[in-house]
Amino acid sequence: KEVQTNYPTQSEAAVDAAFNAANENGTAVSGDLTRWAKQGVLLLNSVLTVRAASPASHQGKGWERFTDEVIKMLSKNKEGLVFILWGAYAQKKGEVIDREKHLVLEGAHPSPFSAHRGFLGSGHFLKANKYLSKNGEEMVDWQ
C-alpha cells in the first residue's frame, strides 16, 4: 500500500528537518516515510486530521483520546520501544509511558520555528539505534 505524502507546509518542513537530521551523509532525501514504516517506525501526531491550511482545526474532536490510548497500549503491552517526543505537547502526552520498559527521548519539535532550540544536533536517531542494538533489536535505517 502506498503512503500519501501530501503534508501541509509546516509539517512538510518538520519532516524535512527530521530526515536531514537522520541522514548523516548529507544526501538529499525524498520525504517519503514508507521505508521508516516498513521498519516499524510509527509517527503519531496527537490530532490525526486537519483542515487544509488551518493548523489545529480538528483539535478537541476526539483524536487526543484516541492517540492517548494508542500510547498507553503500546507502553503497557510492549517492551523495549523507543518513544521520541518532539515538542512540549508530545512530552506531556508521554507522561503515561513506562520509562522502566522503554527509552523516551525528548526535545524540541523539528518545525522551522523551533528546530534550532534543540532538535538539530539532538542525536535522537543515533540514540534510538544504540538502544535498539543494545537490546538485540534491528537498528532503523533512517535514510
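The written sequence of each chain sets the order in which its residues are numbered from 1. The predicted nature of this model means local features are confined to residues of pLDDT at least 70 and side-chain atom pairs, given and counted, to a pLDDT of 80 or more, with totals for whole chains, interfaces and linings taken over all residues. Note: side-chain values were computed over all heavy atoms of the structure, leaving out hydrogens and water.

A.B. asks: Quick question: what am I supposed to make of helix 3 (residues 63-77) here?
C.D. replies: It helps to recall that an α-helix has 3.6 residues per turn; residues three or four apart then point in one direction. The helix and strand labels rest on DSSP assignments: H or I over at least four residues marks a helix, E over at least two residues marks a strand, and numbering proceeds from the N terminus. Any helix carries an expected span of 1.5 Å times its number of residues minus one. The end-to-end C-alpha separation of helix 3 is 21 Å, in line with the 21 Å expected for 15 residues at 1.5 Å each. Among the residues of helix 3, Glu-64, Thr-67, Ile-71 and Ser-75 are the ones counted as buried. For helix 3, the buried positions fall inside an angular range of 75° around the axis, keeping them on one side. Every exposed residue of helix 3 that faces more than 90 degrees away from the buried side is listed here: Arg-65 and Lys-76. Contacts made by the buried residues of helix 3 are with strand 1 (82-86) and helix 4 (88-93). Only protein chains enter the accessibility calculation, which uses a 1.4 Å probe; a residue whose area is less than 20% of its type maximum is buried, one above 50% is exposed, and one in between is partly exposed. What the arc describes is the spread of directions from the helix axis to the C-beta atoms. Contacts were defined at the residue level, with two residues in contact if any of their heavy atoms lie within 4.5 Å.

A.B. asks: Explanation requested: the pairing of strand 1 in the structure shown.
C.D. replies: Looking down a regular strand, the side chains alternate between one sheet face and the other. Should DSSP find at least two bridges between two strands, the strands are taken to pair. As paired strands, strand 1 and strand 2 (residues 103-107) are joined by 5 bridges and run parallel to one another. Bridge pairing in strand 2 places Val-82 opposite Leu-103. If you view a crossover with the strands going away from you and the path from the first strand over the helix to the second runs clockwise, you call it right-handed. In terms of handedness, the path from strand 1 via helix 4 over to strand 2 forms a crossover that is right-handed.

A.B. asks: I tried to follow a nonpolar patch on the surface on my own but got confused; where do I start?
C.D. replies: On the surface, a cluster of nonpolar side chains totalling about 360 Å² of accessible area is made up of Leu-42, Leu-44, Leu-48 and Phe-66. Here Leu-42 shows up in the loop between helix 2 (34-38) and helix 3. Among the residues examined, Leu-42 registers a relative accessible area of 56% and is labelled exposed. Candidate patch residues must exceed 30% relative accessible area and have no salt bridge, after which like charges are joined if within 9 Å and Val, Leu, Ile, Met, Phe, Trp or Tyr side chains if within 5 Å. Areas reported as accessible are Shrake-Rupley estimates using a 1.4 Å probe. Residue values count occlusion only from the protein chains shown. The term salt bridge refers to a side-chain nitrogen of Lys or Arg lying within 4 Å of a carboxyl oxygen of Asp or Glu.

A.B. asks: Which parts of the structure should I look at to understand the confidence of the model for the protein chain?
C.D. replies: Low-pLDDT stretches of the model should not have their predicted coordinates read in fine detail. pLDDT measures how confident the predictor is about each residue, on a scale from 0 to 100. Overall, the prediction assigns the protein chain a mean pLDDT of 85, with 80% of residues at 70 or greater. The weakest mean pLDDT in the protein chain belongs to helix 1 (residues 9-22) at 59; the strongest belongs to helix 3 at 97. Long-range and interchain partners of residues 1-9, a stretch whose pLDDT sits below 50, account for 9 contacts in this model, where long-range means more than four residues apart.

A.B. asks: Before we go on, may I ask you to explain helix 5 (residues 124-134) in this structure?
C.D. replies: Considered for burial, the residues of helix 5 that qualify are His-124, Phe-125, Ala-128, Asn-129, Tyr-131 and Leu-132. On an axial view of helix 5, the arc spanned by its buried residues comes to 160°, and they lie on one face. Facing away from the buried side of helix 5, by more than 90 degrees, are the exposed residues Lys-130 and Lys-134. Remark: Gly-136 follows helix 5 within two positions and exhibits a positive phi of approximately 75°.

A.B. asks: Honestly, the packing of aromatic side chains in this entry has me stumped. Any pointers?
C.D. replies: The way to describe two aromatic rings as a pair is by their centre distance and the angle between their planes. Pairing of aromatic rings covers Phe, Tyr and Trp, the last counted by its six-membered ring, and requires centre-to-centre distances within 6.5 Å; plane angles under 30 degrees mean stacked, over 60 mean edge-to-face, and any other angle means tilted. This structure, assessed with the given rule, holds 6 aromatic pairs. Seen in terms of ring centroids, Trp-63 and Phe-66 are 6.0 Å apart; in terms of plane orientation they differ by 75°. Their pairing is edge-to-face. A residue pair is termed a helical-turn pair when its members lie 3 or 4 positions apart in one helix, as Trp-63 and Phe-66 do in helix 3 at 3 residues. Look at Trp-63 and you get partly exposed, because its relative accessible area is 28%. The interplanar angle of 90° and the centroid separation of 5.0 Å between the aromatic rings of Trp-86 and Phe-119 together place this pair among those described as edge-to-face. In this pair, Trp-86 is assigned in strand 1 and Phe-119 in the loop between strand 2 and helix 5, connecting sequence segments 33 residues apart.

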